[in-house]
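# Coordinate analysis (summary)
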Amino acid sequence: MSTPTTTPLAQLTGTYTIDPSHTRIGFVARHAMVTKVRGAFNEFEGTAVFDGADPAATAVRVAITAASIDTRNAQRDEHLRSNDFLAMETFPEITFVSTAFRQTSESTFDLTGDLTIKGVTNSVTIPFDYEGASTDPFGNLRVGFEGAVTINRKDYGVTWNAALETGGVLVSDKITLEFEVSAIRNA
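Residues numbered from 1 in each chain as written. Predicted model: local features only at pLDDT ≥ 70, side-chain atom pairs only at ≥ 80, totals over all residues. Heavy atoms only, no water.

## A few points about the packing of aromatic side chains
Worth spelling out the cut-off: Only centres within 6.5 Å qualify two rings of Phe, Tyr or Trp (six-membered ring in Trp) as a pair; their planes then separate them into stacked at under 30 degrees, edge-to-face at over 60, and tilted for everything else. Runs of H or I in DSSP of at least four residues are treated as helices and runs of E of at least two as strands, each being numbered from the N terminus. Classification of residues uses two cut-offs on accessible area relative to the type maximum, computed with a 1.4 Å probe and protein chains only: under 20% is buried, over 50% is exposed, and between them is partly exposed.
Scanning the entire structure with this criterion turns up 10 aromatic pairs. With centroids separated by 6.4 Å and ring planes inclined at 75°, the aromatic side chains of Phe-50 and Phe-101 adopt a geometry described as edge-to-face. With Phe-50 in strand β4 (residues 44–50) and Phe-101 in strand β7 (residues 93–105), this residue pair connects regions lying 51 residues apart in the sequence. Across this residue pair, the class does not change: Phe-50 and Phe-101 are buried. Their ring planes at 55° and their centres at 5.4 Å tell us that Phe-85 and Trp-160 sit as a pair that is tilted. In this pair, Phe-85 is assigned in the loop between α1 (74–81) and β7 and Trp-160 in the loop between β10 (141–152) and β11 (171–185), connecting sequence segments 75 residues apart. By relative accessible area, which is 25% here, Trp-160 ends up partly exposed. In textbook terms, an aromatic cluster arises when at least three aromatic residues are bridged by ring pairs, as seen for Tyr-16, Phe-50, Phe-101, Phe-109, Phe-128, Tyr-130, Phe-145 and Phe-179.

Structure representation (structure tokens):
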């Protein structure tokens, strides 16, 4: 495998497919006001079209299967799939469709788009770091990006909670979404 390069974003022109086996789309929530619970979605697909000549024309689309939520606890995962949280039978997908791309440095950018959870769409801006590009052993150009954004789950109609005897609530309103993306340029 070759060493990753620090190719500027403008040189990444092309269409890319997210590699789900080397990508993590995760989240972090405060639990019982004292700790964090981390989880991820195991099934998703996405594409990105980078345009070096016109970075504003860059377009990204991601579709996540809500039922693939995984917090390493089956009982909690079933609750998260229920109407209390994601209502995955009614809303089987979580989607993100970009609406704006703004390069903030040679290796960072803000990606703004419409995030839809549980049938509710809000605009979010996710700051990303370009982690590099490399040709994998199969001859594919692979690029890496990392980003995170904090959302309020109530903005998406995810309002279930339980009060704690000591004050506070069981689940935080603020959820951090984490993206560790590996994408392969289409031939």
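From this point, the discussion proceeds with the structure in view.
## Digging into the environment of Ala-48
Quick note on the threshold: Residue contacts are defined here by distance: any two heavy atoms, one from each residue, within 4.5 Å place the two residues in contact.
Structurally, Ala-48 can be placed in strand β4. The exposure class of Ala-48 is buried, given its relative accessible area of 11%. For the pair Ala-48 and Ser-68, spaced 20 residues apart in sequence, the C-alpha to C-alpha distance is 22 Å. Leave out the neighbours within four places in its chain, and Ala-48 touches Gly-14, Thr-15, Tyr-16, Ala-59 and Val-60.

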